[in-house]
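# Commentary on secondary and tertiary structure
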Amino acid sequence: MVDPADGQATKPESGRPLILVVDDDRSIVEGLAILLDGWGYEVVKALSAAALEAQLGGLGRVPNLIIADHYLPAGRTGREVVERVRTETGQQVPAIILTGDSTPERRDEAQLMGCELLLKPVQVGPLREAVEALCSR
């Protein structure tokens, strides 16, 4: 795993799918990392879009999935994170956008980007189903 505080990426572990988790709430990032690690995924954590961007060059491989909060620090959004990762990797990396905003605009935005939208508080069952489905693409 990667600690968002030091911003240093570790070398990918053997064969474990890689998931990027970006949320400004440390407890959400840590909780997701524990769940995902327990399910067999390698996790790169970041508390902001900028923190993730600082780590992208050191990943060494294309992530299998992005999980990003919609509202991030400095006026950034999960959409920007997804677009940046996709541009950086040249791949249409699957993504889940987490948000408490259930407006039609959020749903439409996620759909246009080809992202899953999960509303907070996220339930473990639907999260696991979405993660497994998207990582098996």
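Residues numbered from 1 in each chain as written. Predicted model: local features only at pLDDT ≥ 70, side-chain atom pairs only at ≥ 80, totals over all residues. Heavy atoms only, no water.

In the annotation of an unreviewed UniProt entry, the protein is listed under the name Response regulator and assigned to Azospirillum melinis.

### A look at the overall build of the protein
This is how it is decided: Only DSSP runs of H or I reaching four residues or more are called helices, and only runs of E reaching two or more are called strands; each is numbered from the N terminus. Contacts: residue pairs with any heavy atoms within 4.5 Å of one another.
Per the secondary structure count, the protein includes five helices and five strands. Each helix (α) and strand (β) of the protein, taken in turn from the N terminus, gives the series β-α-β-α-β-α-β-α-β-α. Taking the contacts inside the protein whose residues are at least 6 apart along the sequence as the reference set, 64% of them involve residues at least 24 apart.

### Points about empty space enclosed by the protein
What counts here: Lining residues are defined by having an atom within 4 Å of a point belonging to a cavity or pocket. Those points lie on a 1 Å grid over the protein atoms alone, cavities being sets where a 1.4 Å probe fits but cannot get out and pockets being open sets with protein on both sides within 12 Å along at least five of seven lines. Grid points are joined across faces, edges and corners, and a volume is the space filled by probe spheres set on the points. Three residue categories are used. Nonpolar comprises Ala, Val, Leu, Ile, Met, Phe, Trp, Tyr, Cys and Pro, charged comprises Asp, Glu, Lys and Arg, and polar comprises the others, including Gly.
By the definition in use, this model includes one cavity of 30 Å³ or more. Space inside the largest cavity adds up to approximately 50 Å³. Around the largest cavity, the lining residues are H70, G78, R79, I97, R106, E109, A110, M113 and L117. Mapped by element, the contributors of at least two residues to the lining of the largest cavity are α3 (78-89) and α4 (104-113). Considering each element in turn, the lining of the largest cavity owes the most residues, four residues, to α4. Of the residues that constitute the lining of the largest cavity, the class distribution is four nonpolar, two polar and three charged.

### Regarding the UniProt feature "modified residue: 4-aspartylphosphate" (unreviewed entry) in the protein
Worth spelling out the cut-off: UniProt positions are given in the numbering used here, feature names are shortened, and annotations may be inferred rather than shown by experiment.
According to UniProt, the feature "modified residue: 4-aspartylphosphate" (unreviewed entry) maps to D69 in the numbering used here. With respect to the element layout, D69 can be found in strand β3 (residues 65-69). In contact with D69, not counting residues within four places along its chain, are V22, D23, D24, T77, G78, L98, T99 and K120.

### So, the nonpolar core
Operational definition: What makes a nonpolar core is a set of buried Ala, Val, Leu, Ile, Met, Phe, Trp, Tyr and Cys residues whose side-chain atoms join them at distances within 4.5 Å. Categorising residues by exposure relies on relative accessible area from a 1.4 Å probe, with only protein chains included: less than 20% of the type maximum marks a residue as buried, more than 50% marks it as exposed, and the intermediate range marks it as partly exposed.
Counting residues in hydrophobic clusters, the biggest one holds 23 residues, and the most contacted among them are L20, L52, I66, V81 and V85. Here this core gets four residues from one element, more than from any other, and that element is helix α2 (residues 49-56). With near-sequence residues (within four places) excluded, L20 lies in contact with V44, L52, L56, L59, P63, L65, I66, I67 and V85. Ranked by size, the runner-up nonpolar core spans 20 residues in total, among them V21, L36, V131 and L134.

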